[in-house]
Amino acid sequence: MSTTTEPTGAPKLTDELLAFIAEWKSRPGSLIMVLHRVQQTFGYIPRAVAFEVAELLDVPLAKIYGVITFYNFFKLKKPGRNQIQVCLGTACYLRGGEDIVHAVEKQLGVGLNAITPDGEFSFEAVRCLGCCGLAPVMTINGKVYGKLETGQLPAILAKYRQV
Amino acid sequence: MGKLTLEKLRALREALRREIHQRTTSDRSIQIAVGLGTCGIAAGAGNTLHALTEAIAARKLGNVSVRQAGCMGLCHSEPIVEIAVPGMPRVIYGGVQPADVDELVREHLVKRNPVARLVYESRPESADAGPDASFERFPNQFRIVLRNCGIIDPDKIDEYIARDGYCALEKVLFEMTPEQVLGELEKSGLRGRGGAGFPTARKWLFTKNVPADQKYIVCNADEGDPGAYMDRSTLEGDPHSVLEAMVIAGRTVGATKGFFYIRAEYPLAITRLETAISQARAYGLLGADILGSGFAFDIELRLGAGAFVCGEETALIASVEGKRGMPRPRPPFPAARGLWGKPTVINNVETLANIPVILLKGGEWFSRIGTATSKGTKVFALTGKINRSGLIEVPMGATLRKIIFDIGGGIRAGRAFKAAQTGGPSGGVIPPEFLDTPIDYENLGKIGSIMGSGGLIVMDDSDCMVDVAKFYLEFTVDESCGKCAPCRIGGRTLFNYLKKIAAGKAVPGDLDQMRDICQAMQRASLCGLGQTAANPVLSTLRYFADEYHEHIAEHKCHAGKCQSLLQYRIDPVKCVGCGACLRACPVNAIAGERKKTHVIDPAKCIRCGQCFAACKFGAVARA
């Protein structure tokens, strides 16, 4: 895990995040919006940052942990440089989404919800990306690949590896 | 342009209409729209749009306007390009890749010859000029909610205004009392489109009648049902229609603040909504003193974070408040005690998108569409094993046959229709004998499913109903918040039974146990998620009991889905001894010399199906 935007040492709130928190602090129910912004910045919610957020918003850390772990979207672990999401919503499931999951596992050599040892890829299954018309669907770093066939995977993954 | 008054808005709308009229008639200019919803973009519509713009510039064609539009609902044929040349039929092209663009421009725009190989649909502009023509763009459909989707540029408020946008708000602010608004809604018979079908007028009336210093309007756009994307497309294609309805709701019940709760998984919809909100603010259609009426209303976005239970209204409220999205017992209902304890109206995207049209055309007009108890239309996301998957809007009371075979083009690969699933994890399956049942809230309830939010998933004879029930149960087990025991424990236990059945380890008494658990969950769960989680099991049991018995008694899965029950065998007549299966087998369960018949050792076989996929001679048999 070398090439990331994260500076050395413990991650800290950026100035941009500090400004965001200052703007949202007074609004009721701001915690989830703040966590979204933190994850947008770091790719996950670093523990050290959660401490800072707790302090600034005056919310107990336990409550923040409770919220992070309740919602699927928030991550406590740093994801890979490329994030793969294979859709297992109903339409994708019926049209072979599981085959795509198995094929990606084979390609990456790691199972679901894991990160490759070189930190290049993290891989998760998600429930419905809302592109059911293109099932089965996968996204890499937000780019959608639809009407997928397992045979296409090596070429698609290679594009992200080389960079 | 700055904030508008009523007069200025009307003048602007008139000017925009004149401009459009001129563009489409006297000026004889060519209109091109490219569908840029999430599906379209995923299929490469962004590149197609870019190539079109360049090709038109390169040929120096004047009077051609190319614009982005939202989803037209034809997901199976994306990218979609619609070309309207005055004097020619309006043509919708499907599957237009950048490489096709040059031919399209040369043939259609210059030589006026539509490119037949890409045409999806071609309709003369004047043939459909009835009073409701604008709702009848596609055969067999009636588009109220999707009236602007795929037509206007969702990033331009002017295009919405030109198509009667914010007209209903004008009426509500200056010509109607809140009682009259409620009266029209009541007459229309509109019921909530989020799933439960509660009458919208009653919901609003409850909130209106509760005295409070602050009330809220919340739009539920947390479309978590897997296999459903109606709300995403509506928001991506026509965000203002929902904003306008929220302001109307605010005015009617006396709320000044609205929250938009939307899934974080829908980045494009979020961006388009943000744009729409800021444009509406700039025009003075949101904020203080809207159109000079003295009424103030503003909207804030709140992002969901991936929790299906947050579609339940009390859980949604907890989430908007920044907490874990856990439901609480009702009553009190949110209409009386909702967000931060204040009276709150919570409506789903589709429900709201109907409201401006109802107020413009009248509740009476709306109530003429649909069936006796279910008025208006329903948007469905038609997916699964169907030829033309996509987004459709049909009058309530349309039959499944019409939807699946006439609009959806029938089952893929010529296979047989087995069941349609509506209502997602809270719904049930509908077997072939109900293909001609008119679909409305009551009929779906009677046959053991629900309307749900609008996912309609078509299954064919290669789909196993035990597997389908297992799929949904796994989903609800994952998504159960864990607060109440019937859902937390019952769901898990039910799921374990289904796993047992799929693995061929179930015993005959298991089905009775499962029915008991289902009943307990329905009766004792705290919220809708738990109360309905058993529906997929009950409905598959009701219509496909044979399939369950087959799994349990004979250890067979006819559809070939439940891997543990499959037996692989090599046909000695067909096998040429190429060794492809042997190399593919991950557990060395296949033996055989080159050019001699290979054999599978059932004791070692893990039934992964790799040999089945690898054999080019059809020699591996699966039963």
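Because the structure is predicted, anything quoted here is derived from the model rather than measured.

Rules used throughout
- Residues numbered from 1 in each chain as written.
- Chains lettered and ligands numbered in written order.
- Predicted model: local features only at pLDDT ≥ 70, side-chain atom pairs only at ≥ 80, totals over all residues.
- Helix = DSSP H or I, 4+ residues; strand = E, 2+ residues; numbered from the N terminus.
- Buried ≥ 20, exposed ≤ 12 C-beta atoms within 10 Å, placed from the backbone.
- Contact = placed C-beta atoms within 7 Å.
- Rg over C-alpha atoms; globule rule 2.2 N^0.38 Å.
- Nonpolar A, V, L, I, M, F, W, Y, C, P; charged D, E, K, R; others polar.
- Core = buried A, V, L, I, M, F, W, Y, C linked by C-beta atoms within 7 Å.
- Arc of directions from axis to C-beta.
- Domains from an automatic or database assignment.
- Pairing = 2+ DSSP bridges.
- Axes fitted to C-alpha atoms, helices over the stretch in contact; angles between N-to-C directions.

## Regarding the overall build of chain A
Piece 1. From N to C terminus, chain A includes 7 helices and 5 strands.
Piece 2. Its helices and strands in sequence order give chain A the pattern α-α-α-α-β-α-α-β-β-β-β-α, from N to C terminus.
Piece 3. Counting across all 163 residues of chain A, residues that qualify as buried make up 37%.
Piece 4. A separation threshold of at least 6 residues defines the contact pool for chain A, and within that pool the share at least 24 residues apart is 61%.

## Description of the overall build of chain B
Piece 1. Along the backbone of chain B there are 24 helices and 18 strands.
Piece 2. At 27 Å, chain B has a C-alpha radius of gyration in line with the 25 Å of a compact globule built from 623 residues.
Piece 3. Once the C-alpha set of chain B is aligned to its principal axes, its extents read approximately 85 × 65 × 40 Å.
Piece 4. Per-residue burial over chain B gives 54% buried out of 623 residues.

## A short note on the interface of chain A and chain B
Piece 1. At the junction of the two partners, chain A supplies 30 residues and chain B supplies 38 residues.
Piece 2. Here the residues of the side of chain A that touches chain B are counted per class, giving 19 nonpolar, 10 polar and 1 charged.

## Quick look at the nonpolar core
Piece 1. In terms of nonpolar packing, the biggest core is built from 221 residues, with Val137 of chain A together with Val218, Met246, Ile248 and Ile403 of chain B touching the most fellow members.
Piece 2. When sequence neighbours within four positions are dropped, the list of residues in contact with methionine 246 of chain B reads Ile217, Cys219, Gly258, Ile299 and Leu352 of chain B.

## Considering the environment of proline 343 of chain B
All names here are of chain B.
Piece 1. The topology assignment puts proline 343 in the loop between α12 (313-320) and β9 (344-348).
Piece 2. When the C-alpha positions of proline 343 and valine 119 are compared, they lie 51 Å apart, and in sequence the two are 224 residues distant.
Piece 3. Here proline 343 is in contact with Thr207, Val210, Ala212, Lys215, Ala335, Ala336 and Gly338, once residues within four sequence places are set aside.

## Re helix α8 (residues 200-209) of chain B
Residues and elements named next belong to chain B.
Piece 1. Considered for burial, the residues of α8 that qualify are Thr200, Ala201, Lys203, Trp204, Thr207 and Lys208. Buried residues of α8 fall within an arc of 160° about the axis and therefore sit on the same side.
Piece 2. Against the buried residues of α8 lie α7 (178-188), α10 (239-253), β9 and α13 (349-361).

## With respect to the domain arrangement of chain A
How big an interface is tends to be stated in terms of accessible area lost as the parts join.
Piece 1. For chain A, the assigned domains read domain 1 (15-70) and domain 2 (82-162).
Piece 2. Taking the mean C-alpha position of each, domain 1 of chain A and domain 2 of chain A sit 29 Å from one another.

## A few points about the pairing of strand β1 (residues 82-87) of chain A
Piece 1. Looking at chain direction, β1 of chain A and strand β3 (residues 121-126) of chain A are connected through 6 bridges and run parallel. Its bridge partner lying in β3 of chain A, isoleucine 84 of chain A is registered against phenylalanine 123 of chain A.

## What to know about unusual backbone geometry
Phi is mostly negative for residues that are not glycine, and the peptide bonds are mostly trans.
Piece 1. A cis amide bond links alanine 135 of chain A with the next residue in sequence, proline 136 of chain A, at an omega value of -10°.
Piece 2. Within the secondary structure, proline 136 of chain A sits in the loop between β3 and β4 (138-140).
Piece 3. Proline 79 of chain B follows glutamate 78 of chain B through a cis peptide bond whose omega is -10°.
Piece 4. Turning to its location among the elements, proline 79 of chain B is positioned in the loop between β2 (64-69) and β3 (81-84).
Piece 5. Despite not being glycine, histidine 555 of chain B has its phi angle at roughly 55°, a positive value.
Piece 6. Looking at the secondary structure, you find histidine 555 of chain B in the loop between α22 (545-554) and β15 (568-570).
Piece 7. One non-glycine residue with positive phi stands out, namely arginine 607 of chain B, at about 60°.
Piece 8. Its location among the elements puts arginine 607 of chain B in the loop between β17 (599-600) and α24 (610-614).

## A closer look at the sheet that holds strand β5 (residues 143-145) of chain A
Residue and element names in this part refer to chain A.
Piece 1. If you trace the 5 strands from one edge of the open sheet to the other, you get β2-β3-β1-β4-β5, paired in mixed fashion. Of all the strands in the sheet, the pair left with one neighbour each is β2 (114-115) and β5.
Piece 2. Here 3 bridges tie β4 to β5, and the two strands are oriented antiparallel to one another. Paired with isoleucine 140 across the strands is lysine 143, a residue of β5.
Piece 3. Seen against the sheet, helix α6 (residues 97-108) touches β1, β3 and β4 and runs at an angle of roughly 150° to β1.

## Digging into the pairing of strand β14 (residues 455-460) of chain B
Side-chain positions along a regular strand alternate between the two faces of the sheet.
Residue and element names in this part refer to chain B.
Piece 1. Among the 6 residues in β14, 5 count as buried, and that is most of the element.
Piece 2. Here strand β10 (residues 377-384) pairs with β14 via 4 bridges, running parallel. Within β14, the position partnered with alanine 381 by the bridge is glycine 455.
Piece 3. With 5 bridges connecting them, strand β12 (residues 417-422) and β14 associate as antiparallel partners. Residue pairing in the sheet places alanine 420 in a bridge with valine 458 of β14.

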